[in-house]
Amino acid sequence: MTEETPTGSTSTTSLQAVLTRRADAETCADPSSVMTLLGESDGTPGGFTSYRSTFAEGAVGAPAHFHTRATELFFVISGSLRVLVGEEITVLDEGDFLAVPPGTPHAFAAAPGAKADVLFVFTPGMGRFDYLRLLGRVMRGEADPKEIAESAERFDNHYVDSPVWRAALEASA
């Protein structure tokens, strides 16, 4: 492929295709979910991170948090995912799509009585696979939870308190 430089421009950005074969995809597991790391191209305009999470019935996903730079996209492949966006809780079902812009508190978990298989995409990407690996190690007791808090800026993942989300989780426990 070739790319021409527009008149007056001093540089071009060359995006690379990213292909991950199912057999080659790395997985990270914790007691309630399996994450399949699909691809990432951080540090470039148009960069992204994409992974697929399969949640067991009743699995709690991520607590309330927000991103300062990334938009997080959700696509439910099958099952149902309960999601907090701001102060509202909704259930996403098979085929539903959600885009959460930067600065918006959100959280997610398998909907009560349901499993969920979800495709996640972050744009721009920023090496989030290392974050997902860290989460798996913490959930398995192989790493100290304080490492997650210490990585907030690096991975643009900032936890917040959400009484609405806490109450929803307690009500379904």
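Quick caveat: nothing in here was measured; it's all calculated off a predicted structure.

Novice: Explain the overall build of the chain to me, please; I cannot follow it from the model alone.
Specialist: When helices and strands are counted, the chain shows four helices and ten strands. Shown N-terminal to C-terminal, the secondary structure of the chain runs as helices and strands in the order β-β-β-β-β-β-β-β-β-α-α-α-β-α. Sorting the 173 residues of the chain into buried and exposed places 39% on the buried side. Pairs at least 24 residues apart make up 68% of the contacts formed inside the chain by residues separated by at least 6 positions. Here the chain has roughly 9,600 Å² of accessible surface; of this, 54% comes from carbon and sulfur atoms.

Novice: Please clarify how the nonpolar core should be interpreted in this entry.
Specialist: One broad trend across soluble globular proteins is that nonpolar side chains are buried collectively. Counting residues in each nonpolar core, the largest one holds 29 residues, and the members touching the most others are Phe55, Phe74, Leu81, Phe108 and Val118. Of all the secondary structure elements, the ones that give two or more residues to this core are strand 2 (33–40), strand 3 (49–55), strand 5 (71–85), strand 7 (97–100), strand 8 (106–110), strand 9 (116–123) and helix 1 (128–139). Per element, the largest residue contribution to this core is five residues, and it comes from helix 1. If near-sequence neighbours (up to four positions away) are discounted, Leu81 is found in contact with Phe55, Phe74, Val76, Thr90, Val91, Leu92, Phe108, Ala109, Ala110, Ala111, Ala116 and Val118. Ranked by size, the runner-up nonpolar core spans five residues in total, among them Ala64, Leu84, Ala107 and Ala109.

Novice: Honestly, the pairing of strand 1 (residues 26–30) in this entry has me stumped. Any pointers?
Specialist: The two faces of a sheet get side chains in turn, since along a regular strand they alternate between them. Here strand 1 runs beside strand 2; their pairing, made up of five bridges, is antiparallel. Across the sheet, the residue bridging to Ala29 is Val34, located in strand 2. If you look at the hairpin formed by strand 1 and strand 2, you'll find two residues sitting between the two strands.

Novice: What is the right way to read the environment of Gly39 from this model?
Specialist: Inspection of the secondary structure assignment puts Gly39 in strand 2. Each C-alpha atom, one on Gly39 and one on Val121, is 9.4 Å from the other, the two residues being 82 residues apart in sequence. Contact partners of Gly39, with chain neighbours within four places excluded, come to Val18, Thr20, Phe48, Thr49, Ser50 and Phe129.

What counts, and where the lines are drawn
- Residues numbered from 1 in each chain as written.
- Predicted model: local features only at pLDDT ≥ 70, side-chain atom pairs only at ≥ 80, totals over all residues.
- Heavy atoms only, no water.
- Helix = DSSP H or I, 4+ residues; strand = E, 2+ residues; numbered from the N terminus.
- Buried < 20%, exposed > 50% of the residue type's maximum accessible area, 1.4 Å probe, protein only.
- Contact = heavy atoms within 4.5 Å.
- Areas by Shrake-Rupley, 256 points an atom, 1.4 Å probe, with all protein chains shown as cover.
- Core = buried A, V, L, I, M, F, W, Y, C linked by side-chain atoms within 4.5 Å.
- Pairing = 2+ DSSP bridges.

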